[in-house]
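# Observations on the model geometry
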Amino acid sequence: MTEIAPVTDPRDLAHLRRCVDLAREALEAGDEPFGSLLVDAAGVVLFEDRNRVAGGDHTRHPEFEIARWAAGNLTPEARASAVTYTSGEHCPMCSAAHAWVGLGRIVYATSSAQLSEWRGSWGLEPGPVAVLPINAVAPGIPVTGPAAELADEVRDLQRRLVERTG
Ligand code: ZN
C-alpha cells in the first residue's frame, strides 16, 4: 500500500471545511454526518451533496451521488481532472463507483480507519461493509488525507450521531 500524504494545501483545507459543514447539515437533518464536493481543475465547485440515508436507503452516500452526477454531466477528460473532497474517506461502494466512472484525485478530512477506531472506542459493532482504504478498492486513484486540523470536529459530529441513535 502506498503512503498517503496528509492535507497541507490551504485550498484543499478550504474545500474540506465546506464538506464538514455539509456533514453538520446532514446530521441536523436527521441523516449521518458526511459531506462531499466535486471541484473542477480550475478549483470551481461543480456539485456538492451530503449523506441522505435517513429515509432507509443506506446507499445514499454523497460520494456515490458525485460519481453518478459526474457520469451524467462531465466528459471523461473533465472527470479525470476533477477532484473529490469528502469529510470521511470513501467506503468500498463509493471507491468502486468513483473508479468506474473515471474520476480523479480524492482528498479526505478523516480516514475510514479513524472512523472505525472512534466507533470501536464508543463500543459500537462494526458495520456490514469491510473497512478498506480507497486504494485497496481503487488502486489507481491519487489520494490525499487526512487533515489533522479537522479531526476533532468530524469526531464530534460522529459522536453526536451515536448519542442520537443510542
Ligand atoms: Zn460510501
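Residues numbered from 1 in each chain as written. Predicted model: local features only at pLDDT ≥ 70, side-chain atom pairs only at ≥ 80, totals over all residues. Heavy atoms only, no water.

## Points about the coordination of the zinc ion
Taken together, the protein donors to the zinc ion comprise His61 (ND1), Cys91 (SG) and Cys94 (SG), at separations of 2.1 to 2.3 Å. Summarised as a motif, the one-chain spacing of the donors to the zinc ion is H-x29-C-x2-C. No difference in accessibility class separates cysteine 91 from cysteine 94, as the two residues are buried. (Donors = N, O, S within 2.8 Å, 3.2 Å for Na, K, Ca; no water. Buried < 20%, exposed > 50% of the residue type's maximum accessible area, 1.4 Å probe, protein only.)

## Description of the state of the cysteines
Using the criterion set out here, one finds zero disulfides in the structure. Cysteine cysteine 19 is unpaired, with the sulfur of cysteine 94 as its nearest cysteine sulfur at 13 Å. Look at cysteine 94 and you get buried, because its relative accessible area is 0%. (Disulfide = S-S within 2.5 Å.)

## Comments concerning the layout of surface pockets
Unfilled space is identified by rolling a water-sized probe across the atoms. When its volume is computed, the largest pocket comes out at roughly 1000 Å³. Lining the largest pocket are 39 residues; nearest its centre among them are Glu32, Leu115, Arg119, Gly127 and Pro128. At the level of elements, helix H2 (62-73), strand E3 (83-88), helix H4 (92-100), helix H5 (112-121) and helix H7 (151-165) are the ones that each hand at least two residues to the lining of the largest pocket. Here the residues of the lining of the largest pocket sort into 18 nonpolar, 16 polar and five charged. (1 Å grid on protein atoms, 1.4 Å probe; cavity = no way out; pocket = protein on both sides within 12 Å on 5 of 7 lines; lining within 4 Å. Points joined across faces, edges and corners; volume = space filled by probe spheres on them. Helix = DSSP H or I, 4+ residues; strand = E, 2+ residues; numbered from the N terminus. Nonpolar A, V, L, I, M, F, W, Y, C, P; charged D, E, K, R; others polar.)

## Here's the deal with the sheet that holds strand E4 (residues 106-110)
Reading across from one edge, E2-E1-E3-E4-E5 is the order of the five strands in this open sheet, with mixed pairing throughout. One side of each edge strand has no neighbouring strand; the edge strands of this open sheet are strand E2 (45-50) and strand E5 (143-144). Taken together, the four bridges between strand E1 (residues 35-39) and E3 define a ladder with antiparallel strand orientation. By the bridge assignment for E3, serine 36 is matched with threonine 86. Taken strand by strand, H2 contacts E1, E2 and E3, and its axis lies near 25 degrees from that of E1. (Pairing = 2+ DSSP bridges. Contact = heavy atoms within 4.5 Å. Axes fitted to C-alpha atoms, helices over the stretch in contact; angles between N-to-C directions.)

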